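Each chain, letter by letter, is given below.
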Amino acid sequence: MNYYSLNKQSPKVDFKQATIAGQAPDKGLYFPETIPQLDKDFIDNIEQYSNEEIAFKVIKPYIGNAIPDEALKRIVADTVNFNIPLVPIIKGISSLELFHGPTLAFKDIGARFMSRCLGYFLKGNEKKVTVLVATSGDTGGAVANGFYNVEGVEVVVLYPSKKVSAVQEAQIATLGKNIHALEVDGTFDDCQQMVKQAFTDAELNEKLFLTSANSINVARWLPQQFYYFFAYKQWKQTHKNAPVICVPSGNFGNICAGILAHTSGLPVEHFIAACNANKVVPDYLLTEKYEPKPSVATISNAMDVGNPSNFVRILEIFHNEFGSLKNKLSSYSISDAATKQAIKDVYTLHNYLLDPHGAVGYIALKNYLDNNLLKEGFILETAHPVKFNPAIIDILGENILVQKEQALLLNGTKQSTFMPNDYSRLKEILLAK
Ligand SMILES: *Cc1c(COP(=O)(O)O)cnc(C)c1O
């Protein structure tokens, strides 16, 4: 399989080159030259396959010859070795729990797959690779955990001091070894800005082999298709009709993977992109005008994105036809007040604790189903609520997750380096390693 740049100004590359580069030289996102079609027989009999077998079948055409089957099977098995249950919340709405991985968020899947692919490609390389990433919370933990102990790779994570939760900080800053946590006296945007500057610093890039692990990397994006198939395997046991799938969305990588899976043959009735106050896509579907905006802060902060980087891939799947896109995708913007109310109501009435991102998804799906009475579906519950425990305590008025949170915080001591919001300091640290 080859990948082309959506900016169309760069040469085509294979999976290995796309994974190592992350972004094309013309700054475009890589996109597969063809979208594979899965046999109908496989979809109809999906319950007869293990999750490892499903994941291998789905990803193999995208890898081509870049990784031999035996190695790819090991990578896939390692990526999906935790539970991904589909749990009913109320009649018509279930929750696909993507938070049973090591850092309790769906980003574990993409980060684990990418780290193992990169580890495979770099085996025996003389020059060490430095993965540099800025995080507002979940990405840093998933990337740090995924690359922990991977040979030939050093990871540097920048996170904003006092702006990530205790659990998130523990996941970034207590690992040590090849994982270096930098606690920045600034905001997420400051962290992001310094990372961007590092990638364009010629002197630095001559001395170090820098790469990013953000969600546009094909090795993080493509494996996110896996759990849509795992969900369908469970859905099919109790439903005749295809599901409506609602995805809490920020950079739109997760939902784009679902739409890709559907294009390959996975039955899906309709997709819903659930957004918070950052509503570029809901507005686009209303007006056909795509207008990026600065992001605004909400309680579902992993979705505080004002210019979703993966949306261009969704447009590409639909060949930029607004009508067919609108037929398959709806999008809602949900306020913080409604999100808090939903967390409270669903917990007290249905005994299910949503995290703020899942709650945005729940309301969006409920809105859609209220207008489409015969349909049923599920949300992607993208993180465990304990990662956002300060918000949960505030909403419920009590700390129902106290034990789980303490257990997560007990092991390991913080080993981050505190630094000012100053690029020259970052450069010094990177060069000293
Ligand atoms: C990253 C993240 C999202 C948004 O996913 P995208 O692929 O960027 O749309 C939603 N929820 C949680 C908990 C996340 O960490």
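Treat the numbers as computed from the prediction; the structure is a model and nothing was measured.

### With respect to the overall build of the chain
Line of reasoning, step 1. In terms of regular secondary structure, the chain is built from 20 helices and 14 strands.
Line of reasoning, step 2. Taking 22 Å as the expected radius of gyration for a compact globule of 433 residues, we find that the chain reaches 21 Å, a close match to that expectation.
Line of reasoning, step 3. Oriented by its inertia axes, the alpha-carbon framework of the chain measures out at about 60 × 50 × 45 Å.
Line of reasoning, step 4. A buried classification covers 57% of the 433 residues belonging to the chain.
Line of reasoning, step 5. Taking the intrachain contacts of the chain between residues at least 6 apart in sequence as the baseline, contacts between residues at least 24 apart amount to 75%.
Line of reasoning, step 6. On the chain, roughly 18200 Å² of surface is accessible, and the fraction owed to carbon and sulfur atoms is 49%.
Line of reasoning, step 7. Both charge centroids of the chain, one from 41 positive and one from 44 negative side chains, sit 2 Å from each other.

### Quick word on the nonpolar core
Line of reasoning, step 1. In this structure, F15, I67, F113, F147 and Y227 are the most contacted members of the largest nonpolar core, which totals 99 residues.
Line of reasoning, step 2. Of all the elements, helix α11 (residues 226–235) adds the most residues to this core, at eight residues.
Line of reasoning, step 3. Discounting residues that sit within four places of it in the chain, I67 has contacts with F15, K60, L72, I75, C117, Y120 and F121.
Line of reasoning, step 4. V167, L354, Y362 and L396 belong to the second largest nonpolar core, which has 32 residues in total.

### Some remarks on the packing of helix α5 (residues 107–122) against helix α6 (residues 138–147)
Any two packed helices are characterised by the angle at which their axes cross and by the distance between the axes.
Line of reasoning, step 1. Running from N to C, α5 and α6 cross one another at 40 degrees; their axes reach a closest spacing of 8 Å. As judged from the angle between their axes, α5 and α6 are oblique. The two elements α5 and α6 cross, and the hand of that crossing is right-handed. Two secondary-structure elements touch here, α5 through K107, D108, A111, R112, M114, S115, R116 and L118 and α6 through D138, T139, A142, V143, N145, G146 and F147.

### Focus on the sheet that holds strand β3 (residues 30–32)
Line of reasoning, step 1. Pairing is antiparallel across the open sheet formed by three strands, whose spatial order is β2-β1-β3. Every other strand in the sheet has two partners, leaving β2 (13–14) and β3 as the edge strands with one partner each.

### Observations concerning the pattern of salt bridges
Line of reasoning, step 1. With the rule as written, the count across this model stands at 16 salt bridges.
Line of reasoning, step 2. One salt bridge connects K414 with E183, and the closest N-O pair in it is separated by 3.1 Å. Taken as a pair, K414 in the loop between α19 (402–410) and β14 (417–420) and E183 in strand β8 (residues 179–185) lie far apart in primary sequence, 231 residues in all.
Line of reasoning, step 3. When its relative accessible area of 48% is taken as the criterion, K414 is described as partly exposed.
Line of reasoning, step 4. For K279, the salt bridge identified is with D283, shortest N-O distance 3.3 Å.
Line of reasoning, step 5. Shared partners join several salt bridges into a network, and the residues in it are D201, E203, K207 and K427.

### Quick notes on the sheet that holds β14
Line of reasoning, step 1. One open sheet accounts for five strands, arranged β9-β6-β7-β8-β14; its pairing is parallel. Both edges of this open sheet fall to β9 (209–211) and β14, since each of them pairs with a single strand only. Mean inter-strand twist for the sheet, computed between neighbouring axes without regard to direction, equals 30 degrees.
Line of reasoning, step 2. As paired elements, strand β6 (residues 129–134) and β9 share three bridges and run parallel to each other. Of the residues in β9, the one forming a bridge with T130 is L210.

### Quick look at the site of the ligand
Line of reasoning, step 1. Inspection of the region around the ligand gives 15 residues, with K107, D138, G250, N251 and T382 positioned closest.
Line of reasoning, step 2. Within the contact set of the ligand, an oxygen atom lies 2.8 Å away from a backbone nitrogen or oxygen of G250.
Line of reasoning, step 3. A distance of 3.3 Å is found between an oxygen atom of the ligand and a backbone nitrogen or oxygen belonging to G253.
Line of reasoning, step 4. Computed on the free molecule, the ligand has an accessible area of 390 Å², of which 96% lies beneath the protein chains in the complex.
Line of reasoning, step 5. Partitioning the shell around the ligand into residue classes produces six nonpolar, seven polar and two charged.

### Details of the side chain of E405
Line of reasoning, step 1. Tracing the chain through its elements places E405 in helix α19.
Line of reasoning, step 2. Nearest to the buried, unbridged E405 among oppositely charged side chains is K404, at 11 Å.
Line of reasoning, step 3. Contacts of E405, omitting those with residues within four sequence positions, involve A166, V167, V386, N389 and N399.

### Re helix α13 (residues 280–287)
Line of reasoning, step 1. Buried residues of α13: V280, V281, P282, Y284 and L285, and no others.
Line of reasoning, step 2. Residues of α13 that are buried sit in contact with β11 (270–275), α14 (311–317), α15 (322–328) and β12 (329–333).
Line of reasoning, step 3. Downstream of α13 by a residue or two, E288 has a phi angle that is positive, lying close to 65 degrees.

### Some remarks on unusual backbone geometry
Line of reasoning, step 1. If you check the backbone angles, K8 has positive phi at about 60 degrees while not being a glycine.
Line of reasoning, step 2. Structurally, K8 is set in the loop between β1 (2–5) and β2.
Line of reasoning, step 3. The exposure class of K8 is exposed, given its relative accessible area of 55%.
Line of reasoning, step 4. A positive phi angle, close to 65 degrees, is found at E288, a residue other than glycine.
Line of reasoning, step 5. Its place among the elements puts E288 in the loop between α13 and α14.

### Section: the pairing of strand β5 (residues 93–97)
Line of reasoning, step 1. Counting buried residues along β5, five of its five residues qualify, which places the element largely inside the surrounding structure.
Line of reasoning, step 2. By the alternation rule, side chains of β5 split into I93, S95 and E97 and S94 and L96, which are all buried.
Line of reasoning, step 3. Pairing between strand β4 (residues 86–90) and β5: four bridges, direction antiparallel. When the bridges of β5 are listed, I90 appears paired with I93.
Line of reasoning, step 4. Joining the antiparallel neighbours β4 and β5 is a turn of two residues, in which G92 adopts a positive phi near 95 degrees.
Line of reasoning, step 5. Pairing of β5 with strand β13 (residues 377–381), which is carried by five bridges, proceeds in the parallel orientation. What sits directly across from I93, in β13, is G377.

Here is what the cut-offs are and how they apply
Residues numbered from 1 in each chain as written. Predicted model: local features only at pLDDT ≥ 70, side-chain atom pairs only at ≥ 80, totals over all residues. Heavy atoms only, no water. Helix = DSSP H or I, 4+ residues; strand = E, 2+ residues; numbered from the N terminus. Rg over C-alpha atoms; globule rule 2.2 N^0.38 Å. Buried < 20%, exposed > 50% of the residue type's maximum accessible area, 1.4 Å probe, protein only. Contact = heavy atoms within 4.5 Å. Areas by Shrake-Rupley, 256 points an atom, 1.4 Å probe, with all protein chains shown as cover. Lys, Arg positive; Asp, Glu negative; His and termini not counted. Charge placed at Lys NZ, Arg CZ, Asp CG, Glu CD. Core = buried A, V, L, I, M, F, W, Y, C linked by side-chain atoms within 4.5 Å. Axes fitted to C-alpha atoms, helices over the stretch in contact; angles between N-to-C directions. Parallel < 35°, antiparallel > 145°, perpendicular 65-115°, else oblique. Left-handed = near helix turned anticlockwise from the far one by under 90°. Pairing = 2+ DSSP bridges. Salt bridge = Lys/Arg side-chain N within 4 Å of Asp/Glu carboxyl O. Near = heavy atom within 4 Å. Polar contact = N/O pair within 3.5 Å; in protein donor to acceptor, adjacent residues only side chain to side chain. Nonpolar A, V, L, I, M, F, W, Y, C, P; charged D, E, K, R; others polar.

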